[in-house]
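Chains, contacts and geometry: an overview
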Number of protein chains: 2
Amino acid sequence: MIDKNKGKKDFTNFLREHGQRLTNERSVVLNRILSCTGHFDPDSLYLQIRQTGLKVSRASVYRTLNLLHKSGFISIVRKTEKGTIYECVYGIKHHDHMHCNECGKVIEFYSEELEKLQEKICEKQGFKGQSHTLEIRGYCAKCKKNMK
Amino acid sequence: MIDKNKGKKDFTNFLREHGQRLTNERSVVLNRILSCTGHFDPDSLYLQIRQTGLKVSRASVYRTLNLLHKSGFISIVRKTEKGTIYECVYGIKHHDHMHCNECGKVIEFYSEELEKLQEKICEKQGFKGQSHTLEIRGYCAKCKKNMK
DNA sequence: TTGTTATTGAGACTCATTCTCAATTAATAT
DNA sequence: ATATTAATTGAGAATGAGTCTCAATAACAA
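Throughout this document, residue positions are counted from 1 along each chain, in the order its sequence is written. To label them, take the chains in the order written and letter them from A, then take the ligands in the order written and number them from 1. In keeping with the predicted nature of the model, local features appear solely for residues at pLDDT of at least 70, side-chain atom pairs appear and are counted solely at 80 or more, and the whole-chain, interface and lining totals rest on all residues. To get the side-chain values, all heavy atoms of the structure are used, and hydrogens and water are removed first.

**Things to note about the overall build of chain A**
When helices and strands are counted, chain A shows six helices and six strands. Taken along its principal axes, the extent of the C-alpha atoms in chain A is 50 × 40 × 30 Å. Here the term buried applies to any residue with accessible area under 20% of the maximum for its type, exposed to any over 50%, and partly exposed to those in between, with areas from a 1.4 Å probe on protein chains only. For chain A, buried positions account for 39% of its 148 residues. Sequence-distant contacts, at least 24 apart, represent 49% of the contacts inside chain A between residues at least 6 apart. Here chain A has roughly 9100 Å² of accessible surface; of this, 47% comes from carbon and sulfur atoms. We treat Lys and Arg as the positive residues and Asp and Glu as the negative residues; His and chain ends play no part in the count. Positions of charges follow a simple convention, taking NZ of Lys, CZ of Arg, CG of Asp or CD of Glu. Across chain A, 27 positive and 17 negative side-chain charges occur, with their mean positions spaced 5 Å apart. Here a strand is any run of E in DSSP of at least two residues, a helix any run of H or I of at least four, and the numbering for each starts at the N terminus. We call two residues in contact whenever any of their non-hydrogen atoms come within 4.5 Å of each other. To measure how exposed things are, a 1.4 Å probe is used in the Shrake-Rupley method; for residues, cover is taken only from the protein chains shown.

Here it is as structure tokens:
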């Protein structure tokens, strides 16, 4: 389970280092995303927050998401026509995605071997890898079967 | 070198299969992207076309880019705040990208080993991989050195 | 408490992309 | 060729995610 207090502390530290403050609004957004399982988009997040009776403006939601992204609490899964999809990665093991072109299902996976190989490839180029995004598109087991 | 005639033929076939036609406008856009080396964005492409004296509306450029994307002639490199960046991949060997967070440099690379490993990972999930995008972010050799 | 500075919210604004629809053009049938 | 039918185009309006403005407010330091 995610330690929300630690999250709050870590985020506060990040803000401090940048001469910024932990406000109520930021705290509300942080709490919300730390409870998120799975992917989310800014507007749903905004609506969820409103539904709980708390008041944070859309502008602040966007502003806070940018901060959370910079500080590494959340990462961008993909950008679609309808906007950006995020996921919370704080305290969560890194993973990559498979995306079914047919039903839209997203499979998360992790491979130590893959990570190692990427490091090796970076070294060969003199590149210092810091993070990466890998999305494999194709057809999930179910859709593959349905297609004959 | 890319065979533009073959490109035209292949694109026409794709269109036919979807009950669509190869118009002058589409042909102009196709030609332009087949001459593109490197990455490009829709608006620059539009301006380039206008500069050569040819007339294709912005709307048609966007519409054609969508078709070229669906038919696999071009792929999306990344979506930025300023819009989508494409690259022509027709007749070009698949590759992945490293992106320097400091200077913005993009390094293209290809690893057979990486491709194989991904296939293996897909199989394990019963997933049928069709394409993928891998972007490694970090620091290029030069910037790495400058940061000491 | 007070002063200083960051932050907020409402709504205006931006800008990439899509949509509208009358006019045009490609492919096909006559 | 010519008519018929359906796809396509262009100009500009519309859309919509995300950002910006700025006066009012809240957080922090002394």
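**Observations concerning the relation of the copies chain A and chain B**
After a rotation of 179° and a shift along the axis of 0.0 Å, chain A superposes on chain B with an RMSD of 0.2 Å. Within this description, the copies of the chain are treated as partners about a two-fold rotation axis. Using C-alpha coordinates, one finds that chain A approaches the rotation axis most closely at A:Leu134, a distance of 2.2 Å. Mapped onto chain B, 97% of the interface residues of chain A are again interface residues, and the two copies thus contact each other with one and the same surface. When the copies are superposed, the least-squares fit takes in the C-alpha atoms of residues with a pLDDT of at least 70 in both.

**Describing the pattern of salt bridges**
A side chain of one charge can pair with a side chain of the opposite charge if their charged atoms are brought near each other. Here, a salt bridge means any Lys or Arg side-chain nitrogen found within 4 Å of an Asp or Glu carboxyl oxygen. What the rule picks out here adds up to twelve salt bridges over all chains. A:Asp10 is paired through a salt bridge with A:Lys6; the nearest N and O atoms lie 3.0 Å apart. Taken together, the residues span about one helical turn, with A:Asp10 and A:Lys6 both in helix 1 (residues 4-17) at a distance of four residues. Note on A:Asp10: relative accessible area 28%, which makes it partly exposed. On the accessibility criterion, A:Lys6 (45% relative accessible area) is partly exposed. Residue B:Arg58 pairs with B:Asp43 through a salt bridge whose shortest N-O separation is 2.7 Å. Of this pair, B:Arg58 sits in helix 4 (residues 58-70) while B:Asp43 sits in helix 3 (residues 42-51); the two residues are 15 residues apart in sequence, bridging distant segments of the chain. For B:Arg58, a relative accessible area of 37% puts it in the partly exposed group. Overall, B:Asp43 belongs to the partly exposed group, its relative accessible area being 26%. Overlapping salt bridges bring together A:Arg78, A:Glu135 and A:Arg137 as one network.

**Side note on the interface of chain A and chain B**
For an interface, size is often stated in terms of accessible area lost upon the parts coming together. Contact residues are listed per partner, giving 35 residues for chain A and 34 residues for chain B. Each of two parts loses accessible area, computed with a 1.4 Å probe, when they are put together; buried area is these two losses added. Note on chain A versus chain B: buried area summed over both sides is about 3100 Å², and carbon and sulfur give 60% of it. Among the residues of chain A in contact with chain B, A:Lys79, A:Phe127 and A:Arg137 are the three that bury the most area, contributing 19% of the side total. In this structure, the connection of chain A to chain B is made through two salt bridges. One salt bridge connects B:Lys120 with A:Glu113, and the closest N-O pair in it is separated by 3.6 Å. Any pair of nitrogen or oxygen atoms within 3.5 Å is treated as a polar contact; in protein, a donor-acceptor pairing is required on top of that, and neighbouring residues in sequence qualify only through side-chain atoms on both sides. Linking chain A with chain B are 17 residue pairs in polar contact (both at pLDDT 80 or more).

**Looking at the protein's contact with DNA strand C**
If you check the shell around DNA strand C, you find 21 residues, and the closest are A:Thr23, A:Arg26, A:Ser60, A:Arg63 and B:Tyr62. At a separation of 2.8 Å, a phosphate oxygen of DNA strand C approaches a polar backbone atom of A:Arg21. Contact between DNA strand C and B:Tyr62: a phosphate oxygen at 2.7 Å from a side-chain N or O atom of the residue. Mapped by element, the contributors of at least two residues to the surface near DNA strand C are helix 2 (24-35) and helix 4 (58-70) of chain A together with helix 4 and strand 3 (83-88) of chain B. Three classes are used, and their members are as follows: Ala, Val, Leu, Ile, Met, Phe, Trp, Tyr, Cys and Pro are nonpolar, Asp, Glu, Lys and Arg are charged, and the others, Gly among them, are polar. Residue composition of the surface near DNA strand C, by class: four nonpolar, nine polar and eight charged. Nearness here has a simple test: a residue counts as near a molecule or strand if at least one of its heavy atoms is within 4 Å of that partner.

**Some remarks on the protein's contact with DNA strand D**
DNA strand D sits among 21 residues. The nearest are B:Thr23, B:Arg26, B:Ser57, B:Ser60 and B:Arg63. Among the atoms of DNA strand D lying within 4 Å of the protein, the sugar-phosphate backbone contributes 73%. Between DNA strand D and the protein, one listed contact pairs a sugar or linking oxygen with a side-chain N or O atom of B:Glu25 at 3.3 Å. Contact between DNA strand D and B:Ser57: a phosphate oxygen at 2.7 Å from a side-chain N or O atom of the residue. Secondary structure elements with two or more residues in the surface near DNA strand D: helix 4 and strand 3 (83-88) of chain A together with helix 2 (24-35) and helix 4 of chain B. Counted by class, the surface near DNA strand D contains four nonpolar, nine polar and eight charged residues.

**Here's the deal with helix 5 (residues 112-125) of chain B**
Turn by turn, an α-helix covers 3.6 residues, leaving residues three or four places apart pointing in a common direction. All names here are of chain B. Helix length check: helix 5 (14 residues) gives 21 Å between terminal C-alpha atoms against 20 Å at 1.5 Å per residue, within 8%. Within the span of helix 5, buried status applies to Leu114, Glu115, Leu117, Gln118, Ile121 and Cys122. When helix 5 is viewed along its axis, its buried side chains cluster within an angular range of 165° and face the same direction. Turned more than 90 degrees away from the buried face of helix 5 sit Lys116, Glu119, Glu123 and Lys124, all of them exposed. Just beyond helix 5, the residue with positive phi is glycine 126, at close to 70°. Multiplying one less than the number of residues by 1.5 Å gives the expected span of a helix. The arc in question is the one spanned by the directions pointing from the helix axis to the C-beta atoms.

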